[in-house]
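# An overview of the molecular structure
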Amino acid sequence: MKPIHLAPTFGVLLTLGLATAPAQAADISACLITATDINPFFVKMKEGAIAKANELGIKLSTYAGKVIGDVETQAAAMESCMTEGVNGILLNASDSKALTPLVEEAKKKGILVIALDTPLEPADAADATFATDNFTAGKLVGAWAKSAMGEGAATAKIATLNFGPAQPLVDVLRNQGFLQGFGIDLADPNKYGDETDPRIVGQEASGAAEEGGRTAMESLLQKEPGINLVYTINEPAAAGAWEAIKAAGKEKDILMVSVDGGCPGVQNIADGSLGATAQQYPLQMAALGVEAIKTFVETGKKPEPTPGLSFFNTGVTLVTDKPAPGVDSIDTKKGLELCWG
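Read on for a plain summary of the structure. If you're wondering where the values come from, they're calculated on a predicted model, not measured in any experiment.

The next thing to look at is the sheet that holds strand 11 (residues 312-313). Taken in spatial order, the six strands line up as 2-1-3-4-5-11 in an open sheet, and their pairing is parallel. In this open sheet, the two edge strands, each paired with only one partner strand, are strand 2 (59-64) and strand 11. Bridge count for strand 4 (residues 112-116) against strand 5 (residues 128-131) is three bridges, and the pairing is parallel. Of the residues in strand 5, the one forming a bridge with A115 is T129.

Okay, here's the thing in C-alpha coordinates:
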(Lines give C-alpha, C1' and ligand atoms only; values in the text may rest on other atoms or scores of the structure.)
Protein backbone atom coordinates (compact mmCIF):
# COMPACT_ATOMS: atom_id res chain seq x y z
CA MET A 1 0.00 0.00 0.00
CA LYS A 2 1.78 2.86 -1.13
CA PRO A 3 4.05 5.67 -2.27
CA ILE A 4 4.30 8.55 -4.69
CA HIS A 5 7.21 10.51 -6.18
CA LEU A 6 7.35 14.20 -7.11
CA ALA A 7 9.18 15.77 -10.02
CA PRO A 8 9.62 19.11 -11.80
CA THR A 9 8.12 20.47 -14.98
CA PHE A 10 10.45 18.57 -17.32
CA GLY A 11 7.72 15.91 -17.68
CA VAL A 12 5.38 18.60 -19.00
CA LEU A 13 7.93 19.68 -21.58
CA LEU A 14 8.19 16.11 -22.78
CA THR A 15 4.48 15.84 -23.41
CA LEU A 16 4.56 19.06 -25.42
CA GLY A 17 7.46 17.78 -27.49
CA LEU A 18 9.65 20.82 -26.73
CA ALA A 19 13.40 20.56 -27.15
CA THR A 20 15.22 20.63 -23.83
CA ALA A 21 18.57 19.63 -22.44
CA PRO A 22 18.66 16.29 -20.60
CA ALA A 23 17.71 16.69 -16.95
CA GLN A 24 20.29 16.19 -14.26
CA ALA A 25 19.38 14.05 -11.27
CA ALA A 26 19.37 17.15 -9.07
CA ASP A 27 16.60 18.56 -11.27
CA ILE A 28 14.34 15.56 -10.70
CA SER A 29 11.74 15.49 -7.96
CA ALA A 30 9.27 12.86 -6.86
CA CYS A 31 6.61 12.11 -4.27
CA LEU A 32 5.96 8.96 -2.32
CA ILE A 33 2.44 8.58 -0.89
CA THR A 34 1.75 5.56 1.30
CA ALA A 35 -1.35 4.34 3.12
CA THR A 36 0.25 4.95 6.54
CA ASP A 37 3.70 5.50 7.99
CA ILE A 38 3.13 3.04 10.85
CA ASN A 39 2.75 -0.36 9.21
CA PRO A 40 6.21 -1.95 8.77
CA PHE A 41 5.45 -2.68 5.11
CA PHE A 42 5.11 1.01 4.35
CA VAL A 43 8.01 1.93 6.60
CA LYS A 44 10.25 -0.33 4.52
CA MET A 45 8.78 1.05 1.30
CA LYS A 46 9.64 4.55 2.45
CA GLU A 47 13.17 3.46 3.39
CA GLY A 48 13.67 1.98 -0.06
CA ALA A 49 12.45 5.11 -1.82
CA ILE A 50 14.57 7.45 0.30
CA ALA A 51 17.71 5.34 -0.07
CA LYS A 52 17.37 5.14 -3.86
CA ALA A 53 16.51 8.85 -4.17
CA ASN A 54 19.60 9.76 -2.14
CA GLU A 55 21.72 7.43 -4.26
CA LEU A 56 20.48 9.02 -7.48
CA GLY A 57 20.41 12.60 -6.19
CA ILE A 58 16.64 12.95 -6.61
CA LYS A 59 14.53 15.24 -4.44
CA LEU A 60 11.88 13.11 -2.72
CA SER A 61 8.88 14.28 -0.70
CA THR A 62 7.02 11.66 1.36
CA TYR A 63 3.42 11.61 2.56
CA ALA A 64 1.19 9.08 4.33
CA GLY A 65 -2.38 8.64 5.45
CA LYS A 66 -3.10 8.69 9.17
CA VAL A 67 -4.61 5.19 8.96
CA ILE A 68 -5.33 2.72 6.18
CA GLY A 69 -8.37 4.07 4.37
CA ASP A 70 -7.53 7.75 4.96
CA VAL A 71 -8.28 8.89 1.41
CA GLU A 72 -8.58 12.58 2.32
CA THR A 73 -4.98 12.85 3.49
CA GLN A 74 -3.74 10.99 0.42
CA ALA A 75 -5.80 13.27 -1.84
CA ALA A 76 -4.29 16.33 -0.17
CA ALA A 77 -0.84 14.83 -0.74
CA MET A 78 -1.61 14.36 -4.44
CA GLU A 79 -2.61 18.02 -4.66
CA SER A 80 0.60 19.10 -2.92
CA CYS A 81 2.73 17.01 -5.26
CA MET A 82 1.07 18.53 -8.31
CA THR A 83 1.54 22.01 -6.90
CA GLU A 84 5.24 21.23 -6.37
CA GLY A 85 5.45 20.29 -10.02
CA VAL A 86 7.13 16.97 -9.45
CA ASN A 87 8.21 14.65 -12.25
CA GLY A 88 6.75 11.52 -10.72
CA ILE A 89 4.43 10.24 -8.04
CA LEU A 90 4.66 6.83 -6.39
CA LEU A 91 1.25 6.05 -4.95
CA ASN A 92 0.06 3.32 -2.65
CA ALA A 93 -3.63 4.14 -2.69
CA SER A 94 -5.81 3.29 0.29
CA ASP A 95 -8.79 3.25 -2.08
CA SER A 96 -8.23 1.86 -5.57
CA LYS A 97 -10.94 4.05 -7.13
CA ALA A 98 -11.19 7.23 -5.07
CA LEU A 99 -7.86 8.76 -6.16
CA THR A 100 -8.19 7.93 -9.86
CA PRO A 101 -9.48 11.41 -10.87
CA LEU A 102 -6.44 13.04 -9.23
CA VAL A 103 -4.15 10.53 -10.92
CA GLU A 104 -5.64 11.48 -14.29
CA GLU A 105 -5.12 15.15 -13.46
CA ALA A 106 -1.47 14.53 -12.58
CA LYS A 107 -0.88 12.63 -15.82
CA LYS A 108 -2.31 15.52 -17.82
CA LYS A 109 0.33 17.70 -16.21
CA GLY A 110 3.06 15.38 -17.52
CA ILE A 111 3.70 13.68 -14.18
CA LEU A 112 4.54 9.98 -14.27
CA VAL A 113 2.25 8.17 -11.82
CA ILE A 114 3.27 4.71 -10.62
CA ALA A 115 0.96 2.68 -8.40
CA LEU A 116 2.88 0.76 -5.74
CA ASP A 117 1.57 -2.56 -4.40
CA THR A 118 -2.11 -1.67 -4.94
CA PRO A 119 -3.34 -1.39 -8.55
CA LEU A 120 -5.76 1.42 -9.28
CA GLU A 121 -9.20 0.88 -10.73
CA PRO A 122 -9.15 0.86 -13.66
CA ALA A 123 -5.65 -0.65 -13.66
CA ASP A 124 -4.52 1.54 -16.56
CA ALA A 125 -5.30 4.73 -14.63
CA ALA A 126 -1.65 4.79 -13.53
CA ASP A 127 1.17 4.91 -16.05
CA ALA A 128 2.53 1.73 -14.47
CA THR A 129 2.04 -0.53 -11.46
CA PHE A 130 4.90 -2.03 -9.46
CA ALA A 131 3.45 -4.72 -7.23
CA THR A 132 3.52 -8.14 -5.71
CA ASP A 133 1.57 -10.70 -7.73
CA ASN A 134 -1.03 -10.88 -4.97
CA PHE A 135 -3.10 -13.62 -6.58
CA THR A 136 0.02 -15.78 -6.81
CA ALA A 137 0.87 -14.91 -3.19
CA GLY A 138 -2.50 -16.22 -2.06
CA LYS A 139 -2.25 -19.23 -4.34
CA LEU A 140 1.12 -20.19 -2.86
CA VAL A 141 -0.14 -20.29 0.72
CA GLY A 142 -3.34 -22.04 -0.38
CA ALA A 143 -1.45 -24.77 -2.23
CA TRP A 144 0.92 -25.19 0.72
CA ALA A 145 -1.99 -25.48 3.18
CA LYS A 146 -3.69 -28.11 1.02
CA SER A 147 -0.51 -30.17 0.92
CA ALA A 148 0.16 -29.71 4.64
CA MET A 149 -3.33 -30.91 5.58
CA GLY A 150 -3.10 -33.99 3.35
CA GLU A 151 -6.28 -36.06 3.37
CA GLY A 152 -7.73 -33.66 5.93
CA ALA A 153 -7.99 -30.96 3.26
CA ALA A 154 -11.13 -32.64 1.91
CA THR A 155 -12.98 -31.96 5.18
CA ALA A 156 -11.22 -28.76 6.26
CA LYS A 157 -13.12 -26.05 8.09
CA ILE A 158 -11.73 -22.85 6.66
CA ALA A 159 -11.97 -19.29 7.96
CA THR A 160 -10.60 -16.24 6.15
CA LEU A 161 -9.67 -12.94 7.76
CA ASN A 162 -9.91 -10.38 4.97
CA PHE A 163 -9.42 -6.61 4.93
CA GLY A 164 -12.98 -5.34 4.92
CA PRO A 165 -16.40 -5.01 3.29
CA ALA A 166 -15.17 -2.66 0.55
CA GLN A 167 -13.01 -5.53 -0.77
CA PRO A 168 -10.05 -3.55 -2.17
CA LEU A 169 -8.35 -5.23 -5.11
CA VAL A 170 -5.38 -6.59 -3.11
CA ASP A 171 -7.86 -8.02 -0.58
CA VAL A 172 -9.75 -9.83 -3.34
CA LEU A 173 -6.65 -11.11 -5.12
CA ARG A 174 -5.09 -12.64 -2.01
CA ASN A 175 -8.34 -14.22 -0.84
CA GLN A 176 -9.24 -15.68 -4.22
CA GLY A 177 -5.69 -16.86 -4.82
CA PHE A 178 -5.70 -18.67 -1.49
CA LEU A 179 -9.03 -20.37 -2.17
CA GLN A 180 -8.00 -21.44 -5.66
CA GLY A 181 -4.64 -22.68 -4.39
CA PHE A 182 -6.46 -24.81 -1.84
CA GLY A 183 -8.61 -26.30 -4.61
CA ILE A 184 -11.84 -24.39 -4.06
CA ASP A 185 -13.88 -23.36 -7.08
CA LEU A 186 -14.28 -19.60 -7.39
CA ALA A 187 -17.60 -18.06 -8.37
CA ASP A 188 -16.82 -14.47 -9.43
CA PRO A 189 -13.02 -14.06 -9.04
CA ASN A 190 -13.51 -10.30 -8.77
CA LYS A 191 -15.02 -10.63 -5.30
CA TYR A 192 -15.12 -13.03 -2.39
CA GLY A 193 -17.93 -14.41 -0.27
CA ASP A 194 -19.93 -15.93 -3.13
CA GLU A 195 -18.23 -19.34 -3.04
CA THR A 196 -20.43 -22.37 -2.33
CA ASP A 197 -17.81 -24.81 -1.02
CA PRO A 198 -19.07 -26.02 2.40
CA ARG A 199 -15.51 -26.11 3.74
CA ILE A 200 -15.59 -22.30 4.02
CA VAL A 201 -17.24 -21.77 7.40
CA GLY A 202 -16.71 -18.02 7.74
CA GLN A 203 -15.13 -14.87 6.30
CA GLU A 204 -14.61 -11.83 8.50
CA ALA A 205 -13.11 -8.34 8.18
CA SER A 206 -9.90 -7.69 10.12
CA GLY A 207 -8.91 -4.26 8.80
CA ALA A 208 -5.50 -5.84 8.19
CA ALA A 209 -4.68 -4.97 11.81
CA GLU A 210 -3.83 -6.95 14.94
CA GLU A 211 -6.84 -5.87 16.99
CA GLY A 212 -9.16 -6.51 14.07
CA GLY A 213 -7.64 -9.93 13.58
CA ARG A 214 -8.21 -10.86 17.21
CA THR A 215 -11.83 -9.68 17.18
CA ALA A 216 -12.57 -11.39 13.86
CA MET A 217 -11.06 -14.68 15.03
CA GLU A 218 -13.05 -14.58 18.27
CA SER A 219 -16.23 -14.13 16.24
CA LEU A 220 -15.36 -16.95 13.87
CA LEU A 221 -14.57 -19.38 16.67
CA GLN A 222 -17.87 -18.60 18.34
CA LYS A 223 -19.61 -19.38 15.07
CA GLU A 224 -17.63 -22.56 14.36
CA PRO A 225 -15.36 -23.92 17.13
CA GLY A 226 -14.09 -26.63 14.77
CA ILE A 227 -12.16 -24.29 12.47
CA ASN A 228 -8.83 -25.91 11.59
CA LEU A 229 -7.46 -23.68 8.79
CA VAL A 230 -7.17 -19.89 8.84
CA TYR A 231 -6.03 -17.54 6.07
CA THR A 232 -5.30 -13.91 6.93
CA ILE A 233 -4.72 -11.02 4.53
CA ASN A 234 -1.52 -10.04 6.34
CA GLU A 235 0.64 -10.88 9.33
CA PRO A 236 -0.63 -8.22 11.76
CA ALA A 237 -4.11 -9.75 11.35
CA ALA A 238 -2.54 -13.19 11.88
CA ALA A 239 -0.87 -12.03 15.09
CA GLY A 240 -4.23 -10.90 16.46
CA ALA A 241 -5.92 -14.10 15.33
CA TRP A 242 -3.27 -16.13 17.16
CA GLU A 243 -4.07 -14.37 20.43
CA ALA A 244 -7.72 -15.41 20.04
CA ILE A 245 -6.68 -18.95 19.11
CA LYS A 246 -4.47 -19.20 22.19
CA ALA A 247 -7.20 -17.82 24.42
CA ALA A 248 -9.51 -20.55 23.11
CA GLY A 249 -6.87 -23.22 23.76
CA LYS A 250 -6.75 -24.24 20.11
CA GLU A 251 -3.06 -23.70 19.33
CA LYS A 252 -2.61 -27.35 18.27
CA ASP A 253 -5.84 -27.55 16.30
CA ILE A 254 -5.51 -24.72 13.78
CA LEU A 255 -3.15 -24.23 10.85
CA MET A 256 -2.71 -20.59 9.82
CA VAL A 257 -1.23 -19.01 6.68
CA SER A 258 -0.77 -15.41 5.65
CA VAL A 259 0.86 -12.94 3.25
CA ASP A 260 3.56 -10.30 3.90
CA GLY A 261 6.95 -11.71 4.80
CA GLY A 262 7.78 -9.13 7.46
CA CYS A 263 10.39 -10.11 10.04
CA PRO A 264 7.83 -10.63 12.85
CA GLY A 265 5.75 -12.86 10.58
CA VAL A 266 8.72 -14.95 9.49
CA GLN A 267 9.73 -15.31 13.15
CA ASN A 268 6.18 -16.47 13.92
CA ILE A 269 6.70 -19.31 11.44
CA ALA A 270 9.91 -20.28 13.22
CA ASP A 271 8.05 -20.14 16.55
CA GLY A 272 5.13 -22.21 15.26
CA SER A 273 2.14 -19.85 15.26
CA LEU A 274 2.18 -19.47 11.46
CA GLY A 275 2.57 -22.35 9.05
CA ALA A 276 3.62 -20.35 6.00
CA THR A 277 3.56 -16.88 4.52
CA ALA A 278 4.10 -15.37 1.08
CA GLN A 279 6.93 -12.84 1.28
CA GLN A 280 6.79 -9.63 -0.71
CA TYR A 281 9.50 -7.01 -1.17
CA PRO A 282 8.39 -3.40 -0.52
CA LEU A 283 11.91 -1.94 -0.44
CA GLN A 284 12.63 -3.17 -3.94
CA MET A 285 9.20 -2.05 -5.09
CA ALA A 286 9.84 1.56 -4.08
CA ALA A 287 13.47 1.64 -5.22
CA LEU A 288 12.47 0.44 -8.68
CA GLY A 289 9.79 3.11 -8.78
CA VAL A 290 12.32 5.87 -8.09
CA GLU A 291 14.59 4.53 -10.80
CA ALA A 292 11.67 4.48 -13.25
CA ILE A 293 10.95 8.15 -12.61
CA LYS A 294 14.55 9.04 -13.35
CA THR A 295 14.45 7.03 -16.58
CA PHE A 296 11.21 8.72 -17.61
CA VAL A 297 12.61 12.19 -17.08
CA GLU A 298 15.82 11.42 -18.96
CA THR A 299 14.38 9.39 -21.84
CA GLY A 300 10.61 9.80 -21.89
CA LYS A 301 10.20 6.02 -21.55
CA LYS A 302 7.56 4.63 -19.22
CA PRO A 303 7.98 1.31 -17.36
CA GLU A 304 6.84 -1.82 -19.17
CA PRO A 305 4.86 -4.57 -17.40
CA THR A 306 6.28 -8.01 -16.80
CA PRO A 307 5.58 -10.20 -19.86
CA GLY A 308 2.23 -11.93 -19.48
CA LEU A 309 1.06 -9.58 -16.71
CA SER A 310 -0.56 -6.15 -16.63
CA PHE A 311 1.94 -4.87 -14.04
CA PHE A 312 5.65 -5.04 -13.16
CA ASN A 313 6.02 -8.00 -10.82
CA THR A 314 8.38 -7.22 -7.92
CA GLY A 315 8.44 -10.80 -6.67
CA VAL A 316 6.87 -13.10 -4.08
CA THR A 317 8.29 -16.18 -2.31
CA LEU A 318 6.71 -18.77 -0.03
CA VAL A 319 8.39 -18.98 3.40
CA THR A 320 7.93 -22.08 5.57
CA ASP A 321 9.98 -24.53 7.61
CA LYS A 322 7.80 -27.41 6.39
CA PRO A 323 8.23 -27.50 2.61
CA ALA A 324 5.47 -29.09 0.54
CA PRO A 325 6.02 -31.19 -2.60
CA GLY A 326 5.46 -29.15 -5.75
CA VAL A 327 5.43 -25.78 -3.95
CA ASP A 328 8.70 -23.85 -4.17
CA SER A 329 9.70 -22.24 -0.87
CA ILE A 330 12.51 -20.93 1.28
CA ASP A 331 12.99 -21.59 5.00
CA THR A 332 12.77 -19.05 7.81
CA LYS A 333 16.55 -18.65 7.98
CA LYS A 334 16.54 -17.32 4.43
CA GLY A 335 13.26 -15.50 5.01
CA LEU A 336 14.78 -13.59 7.93
CA GLU A 337 17.64 -12.49 5.69
CA LEU A 338 15.15 -11.02 3.21
CA CYS A 339 12.43 -9.75 5.55
CA TRP A 340 11.42 -6.22 6.52
CA GLY A 341 10.01 -4.59 9.61
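So, next bit.
To continue, consider the state of the cysteines. As enumerated under the stated definition, the model contains two disulfides in all. With its sulfur 2.2 Å from that of its partner, C31 forms a disulfide with C81. Of note, the bridge from C31 to C81 carries an S-S torsion of about -115° and is left-handed in sense. Of this pair, C31 sits in strand 1 (residues 29-34) while C81 sits in helix 3 (residues 71-84), placing them 50 residues apart in sequence.

Relative orientation of the contacting elements helix 3 and helix 4 (residues 100-108) amounts to 5°, with a least axis distance of 10 Å. By the angle between their directions, the pair helix 3 and helix 4 is classed as roughly parallel. Contacts from A75, M78, E79 and M82 in helix 3 reach L102, V103, E105 and A106 in helix 4. Grouping the constituent residues of the contact of helix 3 with helix 4 by class yields six nonpolar, no polar and two charged.

So, on to the nonpolar core. Most often, soluble globular proteins keep nonpolar side chains buried together rather than apart. Ranked by internal contacts, the top residues of the largest apolar core, which has 26 residues, are W144, I158, F178, F182, L229, V257 and L318. Of all elements in the fold, only helix 5 (134-149), helix 6 (169-182), strand 8 (229-232), strand 9 (255-260), strand 10 (276-280) and strand 12 (316-319) reach the threshold of two or more residues within this core. Examining the composition of this core, we find that six residues originate from one element, helix 5, more than from any other. Setting aside residues up to four positions removed in sequence, F182 forms contacts with G142, A143, A145, K146, M149, A153, A156, I158, R199 and L229. Counting 25 residues, the second largest nonpolar core, distinct from the first, contains A30, A35, A49 and V290.

Right, let's talk about the packing of aromatic side chains for a bit. Taken as a whole, this structure holds five aromatic pairs when the rule is applied. Note on F130 and F312: the rings are 5.0 Å apart at their centroids and 40° apart in plane angle, and the pair reads as tilted. Note that F130 is positioned in strand 5 and F312 in strand 11, a separation of 182 residues in sequence. The interplanar angle of 20° and the centroid separation of 5.0 Å between the aromatic rings of F178 and Y231 together place this pair among those described as stacked. Linking F178 in helix 6 with Y231 in strand 8, this pair joins segments that are 53 residues apart in sequence. The class for F178 is buried, based on a relative accessible area of 0%. Aromatic rings pair up to connect F41, F42 and W340 into one cluster.

Conventions adopted
Residues numbered from 1 in each chain as written. Predicted model: local features only at pLDDT ≥ 70, side-chain atom pairs only at ≥ 80, totals over all residues. Heavy atoms only, no water. Pairing = 2+ DSSP bridges. Helix = DSSP H or I, 4+ residues; strand = E, 2+ residues; numbered from the N terminus. Disulfide = S-S within 2.5 Å. Axes fitted to C-alpha atoms, helices over the stretch in contact; angles between N-to-C directions. Parallel < 35°, antiparallel > 145°, perpendicular 65-115°, else oblique. Contact = heavy atoms within 4.5 Å. Nonpolar A, V, L, I, M, F, W, Y, C, P; charged D, E, K, R; others polar. Core = buried A, V, L, I, M, F, W, Y, C linked by side-chain atoms within 4.5 Å. Buried < 20%, exposed > 50% of the residue type's maximum accessible area, 1.4 Å probe, protein only. Phe/Tyr/Trp six-rings, centres within 6.5 Å; stacked < 30°, edge-to-face > 60°.

Read these as spatial facts, not as claims about activity.
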